[in-house]
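Here is what each chain is made of, one letter per residue.
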Amino acid sequence: MRIPLSTPAALLITGTVGSGKSTTAQAIGGLLRKDAIPHAVIDLDALRNAWPSPADDPFHERLMLANLGAVARNHVVAGAVRLVVAGVLEDLAQRPLYEQAVGMPLSVCRLRLDLADVQARLHRRHRDDLEALNWHLQRSGELDAVLDAAEVADVEVAVKAEQTPAQVAQAVVRAVGWTS
């Protein structure tokens with residue numbers, strides 16, 4: 001299905017830690033900019049980054065959704081017709097909350113990258129922080145399994161380690177029908 005580029009729409013790029021969600025979102029922003037499509041790129045990790053977390057919400061999901069709603073509204077008022085959101089959606093029951101927060105139809109694309117490639121990325125990213133590296137290595141396999149079970153995505157894009165962010169972005173926009 002092709003979505004007209006003038007139609008308001010949001011895309012959530014999900015995947016395990018280290019799969020390239022934020023990098024791909026930025027690359028999609030570049031594609032939209034090249035096509036002169038008013039848009040915003042939103043990283044959910046930034047919207048949930050607070051300490052401490054409540055015991056019943058260890059990943060600050062409620063805070064992130066409240067912030068996403070406000071940020072999305074502000075971008076739409078500023079003229080954005082496309083929102084590219086990078087983050088993790090672990091539960092299909094939560095999906096309507098994300099769509100409500102962005103205030104427009106939401107497509108979800110899962111990036112799938114071999115876990116060995118994810119772990120290599122994590123080693124590079126956290127080479128100076130052993131504690132963070134160990135947490136992310138543990139979480140990568142755990143989260144990959146959670147996403148397998150949750151089946152939250154409309155589409156999945158297989159990512160190869162040798163692909164550039166631009167190539168992955170192209171594959172994602174084709175998969176969700178955001179082609180020009």
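Here the residue index of a chain counts from 1 through its sequence in written order. Under the rules for a predicted model, residues below a pLDDT of 70 receive no local features and side-chain atom pairs below 80 are neither given nor counted, while totals for whole chains, interfaces and linings still include all residues. To obtain the side-chain values, all non-hydrogen atoms of the structure were used and water was disregarded.

1. Here we look at the overall build of the protein chain
- A tally of regular secondary structure across the protein chain gives seven helices and five strands.
- A helix here means a DSSP run of H or I that spans at least four residues, while a strand means a run of E at least two residues long, and both kinds are numbered starting from the N terminus. Counted from the first residue to the last, the protein chain has its helices and strands arranged as β-α-β-α-α-β-α-β-α-α-β-α.
- Each principal axis of the C-alpha atoms in the protein chain carries an extent, and together these give about 45 × 40 × 30 Å.
- Throughout, a contact is declared for two residues whenever any of their heavy atoms are within 4.5 Å. The contacts in the protein chain between residues at least 6 apart in sequence include a share of 77% that link residues at least 24 apart.

2. Brief notes about the packing of helix 3 (residues 61-77) against helix 4 (residues 95-102)
- Orientation is described by lines fitted to C-alpha atoms, with helices fitted over the stretch in contact, and by angles between N-to-C directions that extend from 0 to 180 degrees. One can describe the packing of helix 3 onto helix 4 by two numbers: an axis separation of 7 Å at closest approach and a directional angle of 30°. With respect to each other, helix 3 and helix 4 are oriented roughly parallel. Note on element contacts: helix 4 touches helix 3 through L97, Y98, A101 and V102, opposite E61, M64, L65, L68, G69 and A72.
- Ten residue types, Ala, Val, Leu, Ile, Met, Phe, Trp, Tyr, Cys and Pro, are classed as nonpolar, four, Asp, Glu, Lys and Arg, as charged, and the remainder, Gly among them, as polar. The class makeup of the residues in the contact of helix 3 with helix 4 is eight nonpolar, one polar and one charged. For this classification, under 35 degrees means roughly parallel, over 145 means roughly antiparallel, 65 to 115 means roughly perpendicular, and everything else is oblique.

3. A few points about the side chain of R139
- Structurally, the position occupied by R139 is in helix 6 (residues 130-150).
- Residue classification places R139 among the buried residues on the basis of a relative accessible area of 8%.
- Beyond its immediate chain neighbours, meaning those up to four positions away, R139 contacts T16, V17, F59 and E90. When accessible area is computed with a 1.4 Å probe and restricted to protein chains, residues below 20% of their type maximum are described as buried, those above 50% as exposed, and intermediate ones as partly exposed.

4. Some thoughts on the packing of aromatic side chains
- Side-chain rings of Phe, Tyr and Trp (the six-membered ring for Trp) are treated as a pair once their centres are within 6.5 Å; stacked means planes under 30 degrees apart, edge-to-face means over 60, and tilted covers the remaining angles. In this structure the tally under the stated criterion is zero aromatic pairs.
- Whether a charge lies above a ring is judged from NZ of Lys or CZ of Arg, which has to be within 6 Å of the ring centre and within 35 degrees of the ring normal. R82 extends its terminal NZ or CZ atom over the ring of W178, reaching a point 4.4 Å from the ring centre.

5. Some points on the pairing of strand 1 (residues 9-14)
- Buried residues dominate strand 1, accounting for six of its six residues.
- In strand 1, alternate side chains face the same way, and those of A9, L11 and I13 on one face and A10, L12 and T14 on the other are all buried.
- Of the strand pairs in this sheet, strand 1 and strand 3 (residues 82-86) are connected by five bridges, and their pairing is parallel. Its bridge partner lying in strand 3, A9 is registered against R82.
- Between any two strands, at least two bridges found by DSSP are needed for them to pair. Strand direction decides the pairing type here: strand 1 and strand 4 (residues 106-113), joined by five bridges, are parallel. In the strand pairing of strand 4, L11 is matched with S107.

6. Quick word on the nonpolar core
- What we call a nonpolar core is a set of buried Ala, Val, Leu, Ile, Met, Phe, Trp, Tyr and Cys residues that are connected through their side-chain atoms within 4.5 Å. One finds I28, L68, L83 and Y98 to be the most contacted residues of the largest nonpolar core, which totals 52 residues.
- Looking at this core, the element that brings in the most residues is helix 7 (residues 165-176), giving six residues.
- The residues contacting I28, other than those within four sequence positions of it, are L11, I13, V84, A169, V172 and V173.

7. Observations regarding the pattern of salt bridges
- We define a salt bridge as a side-chain nitrogen of Lys or Arg found within 4 Å of a carboxyl oxygen belonging to Asp or Glu. With the rule as written, the count across this model stands at eleven salt bridges.
- With a shortest N-O distance of 2.8 Å, D154 and R95 are connected by a salt bridge. Here D154, found in the loop between helix 6 and strand 5 (155-159), pairs with R95, found in helix 4; they are 59 residues apart in sequence, far enough to count as distant.
- In this structure, D148 engages R110 in a salt bridge whose closest nitrogen and oxygen atoms are separated by 2.9 Å.

8. Observations concerning the sheet that holds strand 2 (residues 39-43)
- Sheet architecture is open: five strands sit in the order 2-3-1-4-5, paired in parallel fashion. Every interior strand has two partners, whereas the edge strands, strand 2 and strand 5, have only one. Geometrically, the sheet is characterised by an average inter-axis angle of 20° between neighbouring strands, direction not taken into account.

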